[in-house]
Amino acid sequence: MRETDLPLVGLAIALGIGLLIGADRERRKGEGTNRAAAGLRTFAVASLAGAVSFHAGGEILLATVTAGTIAFAALSYWRSRADDPGLTTEIALVLTTLLGALAMAEPMLAAGVGVLVAGLLHARGPLHGFVRSVLSEADLRDALIFAGATLIVLPLLPDRQMGPFEAINPHRLWLIVILVMTVSTVGYVMTRIVGARYGLPLAGLASGFVSSVATIAAMGARAEKAPELLRPAAAGAVLSTVATILQMVVVLAATSIAALEALALPLACAGAAAVLYGAGFTLWALRAPPAADERTGRAFSLHSALAFGALLGAIVLASAAFGEWFGSAGLLVAAAVGGLADAHATAVSVASLVAADRLAPEAGVVPILVALTANTLAKLLVAVRGGRRFALAVVPGIVLVVAMAWLGALP
């Protein structure tokens, strides 16, 4: 494209933005003497005014034109405030002027923002309905807590090892707390969309790829708070172990094919047990009648998320202590200690030794299964926190999965 064509492209995009936003405002301006002041033509001209002013006079002329637009928007609001106290059209008019100017400098960005603004204006009804009818006061409170935990607390926490044995990383621990809240929120949203019988099992399977331990903790907290959701919550917890096995296969395949081949039968047995047990609980959950209040409740429990973070911190601290005391005792102790926090990281470290020919593939089977067993212990600890009924439903499945893995490793 020739350099002389660039202003024409910007003007064309500015005109398109004004027409697109103005089309929505034209449909809502009404008719007769009480109609709104700004419609299709006004928005198109305002956008072109912003583009021309920026191209011809730069920032100073653009500021002058924008100030004039603000003055006209203020007069329009003063004239119509008795009939329509909203400021949407007036603010949109000022923004359209600025987008017209942006189109001369960043045409693609201006076009994208223009489409976004037009979409927000057009979706007034669904957005208002969602906030007033679907989004509850508790949902809004949870959203604010989650935003504060993510955008305020997390950046303030130091991202370094601290405390005894330099084992605790506050930043990473708080990330786990946020993850627990996220997992619970995913289950809550999917429950609101498709119902608990479908939403919680799907959420458990998807969230298990991030952290099966955190998923089980979140599902246990939900089952403890709403006992009628025991079946789908248990299904989601067990299905998260399917994600654990699948993720183990992926990380081993990426690190050492030889290690994966040595663990093929144990992982296949464990995966089959997880799928069958999880499928059984899913069918059990689907056959249950819908809970009367399955679309109510809270997105997450901050108390449960904090308790899980504290428990994980204690496990990590204990892991570091054992690593300090038995660091030279061999690979099995290291695998058990590391597996308490993350079985996949330990599997990668062992598979890396296999890939470097420092360990035979068959010799890596037991350390990886030890790590998986230690990680299962962490799952058992958080499953018990979900209450007796939840533990009775989930613990046998978790134990069965790791038992089948060891069974597959027998000669």
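Heads up: the structure comes first, above all this text.
Quick summary incoming for the structure in this document. (Residues numbered from 1 in each chain as written. Predicted model: local features only at pLDDT ≥ 70, side-chain atom pairs only at ≥ 80, totals over all residues. Heavy atoms only, no water.)

1. A short note on the overall build of the protein
Looking only at helices and strands, the protein features 17 helices and zero strands. Put simply, the protein has 411 residues, and 42% of those count as buried. Excluding contacts between residues fewer than 6 apart, the proportion of contacts in the protein whose partners are at least 24 apart in sequence is 73%. As displayed, the protein offers around 20,900 Å² of accessible surface, 69% of which is attributable to carbon and sulfur atoms. (Helix = DSSP H or I, 4+ residues; strand = E, 2+ residues; numbered from the N terminus. Buried < 20%, exposed > 50% of the residue type's maximum accessible area, 1.4 Å probe, protein only. Contact = heavy atoms within 4.5 Å. Areas by Shrake-Rupley, 256 points an atom, 1.4 Å probe, with all protein chains shown as cover.)

2. Quick look at the nonpolar core
Core analysis: the biggest nonpolar cluster contains 24 residues, and M248, L252, L263, L267 and I368 have the highest contact counts within it. Residues within four places of L252 in sequence aside, it is in contact with I257, L260, L263, L267, A347, A351 and I368. (Core = buried A, V, L, I, M, F, W, Y, C linked by side-chain atoms within 4.5 Å.)

3. Observations concerning the packing of helix 10 (residues 230-255) against helix 16 (residues 365-384)
Running from N to C, helix 10 and helix 16 point in directions that differ by 150°, and their axes come no closer than 13 Å. What the angle tells us is that helix 10 and helix 16 run roughly antiparallel. Relative to helix 16, helix 10 is oriented so that their crossing is right-handed. In contact with T241, T244, I245, M248 and L252 of helix 10, helix 16 contributes I368, L372 and K379. Here the contact of helix 10 with helix 16 is composed, by residue class, of five nonpolar, two polar and one charged. (Axes fitted to C-alpha atoms, helices over the stretch in contact; angles between N-to-C directions. Parallel < 35°, antiparallel > 145°, perpendicular 65-115°, else oblique. Left-handed = near helix turned anticlockwise from the far one by under 90°. Nonpolar A, V, L, I, M, F, W, Y, C, P; charged D, E, K, R; others polar.)

4. Section: the packing of helix 9 (residues 212-225) against helix 10
Contact geometry of helix 9 with helix 10 gives a least axis separation of 9 Å together with a crossing angle of 180°. Relative to helix 10, helix 9 is oriented roughly antiparallel. Within the contact between the two elements, helix 9 uses S212, T215, I216, M219 and A223 and helix 10 uses L230, A233, G236, A237, S240, T241 and T244. Counted by class, the contact of helix 9 with helix 10 contains six nonpolar, six polar and no charged residues.

5. Some words on helix 3 (residues 88-105)
Between the first and last C-alpha of helix 3 there are 26 Å, a value that for 18 residues agrees with the 26 Å anticipated at 1.5 Å per step. For helix 3, every residue scored as buried is listed here: T89, E90, A92, L93, V94, T96, T97, L99, G100, A101, A103 and M104. (Expected span 1.5 Å × (residues − 1).)

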